[in-house]
Amino acid sequence: MSYVSRLRERERQVGRPVRVGLVGAGQMGRGLAAQLGRIAGMTLAAAVDVDAERARQACVASGAERIETDPARAAGAVADGVAVALDDVAQVADLGLDAVVDATGVPDVGARIAQRCLLSGIDFVTLNVETDVTVGLYLGALADASGAVYSVADGDEPVSAKELVDFATDLGFDVVCAGKGKNNPFDPTATPESVSASAETRHMNPKMLASFVDGSKTMIEMAALANATGFVPDIIGMHGPTAQVDELSGVLRPSADGGLLSAPGRVDYAFGPAPGVFVIVTADDPIVLGARARAQGMVAPGETPIVGTEVVTPLRHAMRFVDDKSRDCDVAEQLRKWARCKSFGRHVEQAEQPAPGRIDNFALRVGVEHRWQRARRDAAPIKLVDLILDQRD
């Protein structure tokens, strides 16, 4: 039975469609709103954005004929099947929603919304990988305790790559490397100001676009994939070679076999096979490996890639990702959020656990850097020992 068939059957039994709440009505949120309006058995019951008009437009995009904007009448409107557009997330958990999707891209906002919803037993789906790399393990445990679901959005790159890893593993292959493709070189000096014109043309938030251009977004997504699979980055920031699909298996393989990697079980990215995700697999049976290579149209005696493309649509894992350095910061200047212009991140392995009371030598996670002030400016990556916690909230 297809998803739509199951949704229709549920609506027939319950008497109403699945009520979905959307927080964040930017580019991703608007696209999701339009998609929800075309899926039988689901409805965009509420849209929330700091810009009330964007929230209203998301409801319009979903096909809503009536839209309630009064917070005092919001819960009643949802119960009556009327779409709600709000500019304050405080009510989200009290609207009678079945599921909430976070499309804000802001770590602390996403964490608070997720916590509130999960404590209320509301399923939570996130497009906000920034939150997931920061507190995803906690949110997953909270969901387990409350009986709700916490899930990274299926179709986004970390989950699409994880699905390829599962697919290859289920077929009996050993996964050498998993990752994503990039289509533009990184510019670590990019800021929201430097990409503002391009962001306006693309109808994107310049802070979000800066995170794509400076490489932070790729590092965040691959951190999510690392925690989901148990794979690790081979080096700080990963290798990021330039390679097309038919070249991947020759590059992202162990150095003993002529590649870049120190060992199998790695996450990485490559310039060339974009948009999309990939896994490099191998097997100790030449018949199995040869059949796979021929199926891919390659002559590959060693590892061979399986490549998939991503389509963002509405699973669960968490991650590690740290602030690498701060650009042009004065001593004690408060660190800005990762996409706000002063910092960018790189993916590192941090598998060891700190001794009790000793976390000062651990690197700063990107999702919480706006809560700290710098005590030193000569450190990269920035570690907790270099910082002073801002106690204000």
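Relevant structure appears above.
The structure presented is a predicted model; accordingly, all values stated were derived computationally and were not measured.

A. Geometry of the pairing of strand 11 (residues 277–282). Judged by how many residues are buried, strand 11 sits mostly within the fold: 6 of 6 residues are covered. Alternating positions in strand 11 separate into two faces, Val277, Val279 and Val281 on one and Phe278, Ile280 and Thr282 on the other, with burial throughout. Sheet topology note: the strand 8 (residues 174–182)/strand 11 ladder contains 6 bridges and is antiparallel. From the neighbouring strand, Asp174 faces strand 11, where its bridge partner is Thr282.

B. Layout of helix 1 (residues 3–14). An ideal rise of 1.5 Å per residue puts 16 Å on 12 residues; helix 1 measures up with 16 Å between its terminal C-alpha atoms. Remark: Gly15 follows helix 1 within two positions and exhibits a positive phi of approximately 95°.

C. Region of interest: the sheet that holds strand 6 (residues 123–126). Overall, parallel pairing links the 7 strands, which are arranged 3-4-2-1-5-6-7 in an open sheet. Where the open sheet ends on each side, the last strands, each with one partner, are strand 3 (67–68) and strand 7 (150–152). The pairing of strand 3 with strand 4 (residues 83–86) spans 2 bridges and is parallel. Residue pairing across strands places Glu68 opposite Val84, the latter belonging to strand 4. Against the sheet, helix 6 (residues 129–146) touches strand 5 (99–102) and strand 7, its axis set at about 150° to strand 7.

D. Examining the packing of helix 6 against helix 10 (residues 216–229) more closely. Relative orientation of the contacting elements helix 6 and helix 10 amounts to 50°, with a least axis distance of 9 Å. Viewed along their axes, helix 6 and helix 10 adopt a mutual orientation that is oblique. Crossing handedness for the pair helix 6 and helix 10: left-handed. Between helix 6 and helix 10, the residues in contact are Val129, Glu130 and Val133 and Lys217, Ile220, Glu221, Ala223 and Ala224, respectively. Broken down by class, the residue content of the contact of helix 6 with helix 10 amounts to 5 nonpolar, no polar and 3 charged.

E. Focus on the side chain of Asn128. Looking at the element boundaries, Asn128 is found in the loop between strand 6 and helix 6. Residue contacts for Asn128: discarding those within four places in its chain leaves Asp102, Thr104, Gly105, Val106, Pro107 and Gly110.

Reading the values: rules and limits
Residues numbered from 1 in each chain as written. Predicted model: local features only at pLDDT ≥ 70, side-chain atom pairs only at ≥ 80, totals over all residues. Heavy atoms only, no water. Buried < 20%, exposed > 50% of the residue type's maximum accessible area, 1.4 Å probe, protein only. Helix = DSSP H or I, 4+ residues; strand = E, 2+ residues; numbered from the N terminus. Pairing = 2+ DSSP bridges. Expected span 1.5 Å × (residues − 1). Contact = heavy atoms within 4.5 Å. Axes fitted to C-alpha atoms, helices over the stretch in contact; angles between N-to-C directions. Parallel < 35°, antiparallel > 145°, perpendicular 65-115°, else oblique. Left-handed = near helix turned anticlockwise from the far one by under 90°. Nonpolar A, V, L, I, M, F, W, Y, C, P; charged D, E, K, R; others polar.

Shape descriptors only; they carry no functional weight alone.
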